[in-house]
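# Secondary and tertiary structure notes
The residues making up each chain are set out below.
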Amino acid sequence: MSKSMYFPCPHCKAPSFTRSVLHESNLRSELRLQCSDAECGHTFEVQTEVLYTIRQSAIPDPGVCIRSVTPMERVNA
Ligand SMILES: [Zn+2]
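What comes next concerns the included structure. Sequence order sets the numbering: in each chain, residues are counted from 1 along the sequence as written. Where totals are concerned, whole chains, interfaces and linings use all residues; where local detail is concerned, this predicted model gives features only for residues with pLDDT of at least 70, and gives and counts side-chain atom pairs only at 80 or more. For side-chain calculations, the full set of non-hydrogen atoms in the structure is used, while hydrogens and water are omitted.

In this section: the overall build of the protein chain. Helical segments are the DSSP runs of H or I of at least four residues, strand segments are the runs of E of at least two, and each set is numbered from the N terminus. Across its full length, the protein chain carries one helix and three strands. Ordered by position from N to C terminus, the α and β elements of the protein chain give β-β-β-α. Residue burial in the protein chain is summarised as follows: out of 77 residues, 16% are buried. In short, Shrake-Rupley with a 1.4 Å probe defines the accessible areas, and a residue's cover is counted only from the protein chains shown. Total accessible area on the protein chain is roughly 6,100 Å²; 52% of this is exposed by carbon and sulfur atoms. Here the protein chain carries 8 positive and 8 negative side-chain charges, and the mean point of each set is 3 Å from the other. Here's how the labels work: a residue is buried when its accessible area is under 20% of the maximum for its type, exposed when over 50%, partly exposed in between, all with a 1.4 Å probe on protein chains only. Within this scheme the basic residues Lys and Arg register as positive and the acidic residues Asp and Glu register as negative, but His and the chain ends are omitted. Each charge is placed at NZ for Lys, CZ for Arg, CG for Asp and CD for Glu.

Next comes the structure, spelled out in structure tokens:
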């Protein structure tokens, strides 16, 4: 599984990379990230959560329930 996710450092805005996964479920993850700028070196934790489905999966997990919205509904939410 790829742990790729773009999240900029809140201090210097450089890309950060995942140091470790603290908690992971189907809909939510808590990650420890580290700034890629060696001068900055900021290490921090983020929480990510699946909010909406924009396009349905072709291989859906019956145990996963995510609210569906169209891109226009999302813009107007
Ligand atoms: Zn930084």
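Let's shift gears to the packing of aromatic side chains. Side-chain rings of Phe, Tyr and Trp, where Trp is taken by its six-membered ring, are said to pair if the distance between their centres is within 6.5 Å; with planes under 30 degrees apart they count as stacked, over 60 as edge-to-face, and otherwise as tilted. Counted under the stated rule, the structure contains one aromatic pair. Ring centres of Phe-7 and Phe-44 lie 6.2 Å apart, and the angle between their planes is 45°; on these two criteria the pair is classed as tilted. Linking Phe-7 in the segment before strand 1 (16-24) with Phe-44 in strand 3 (residues 43-49), this pair joins segments that are 37 residues apart in sequence. The exposure class of Phe-7 is partly exposed, given its relative accessible area of 31%.

Right, let's get into the coordination of the zinc ion. For Na, K and Ca the donor cutoff is 3.2 Å, while for all other metals N, O and S atoms count as donors only within 2.8 Å; water does not appear among the atoms, so some sites may look incomplete. Around the zinc ion, the donor atoms from the protein are Cys-9 (SG), Cys-12 (SG), Cys-35 (SG) and Cys-40 (SG), and they sit 2.3 to 2.4 Å away. Sequence spacing of the donors to the zinc ion: C-x2-C-x22-C-x4-C. We classify Cys-35 as buried; its relative accessible area is 3%. Look at Cys-40 and you get partly exposed, because its relative accessible area is 31%.

Note that every value here comes from positions in space, so none of it alone points to a role or purpose.
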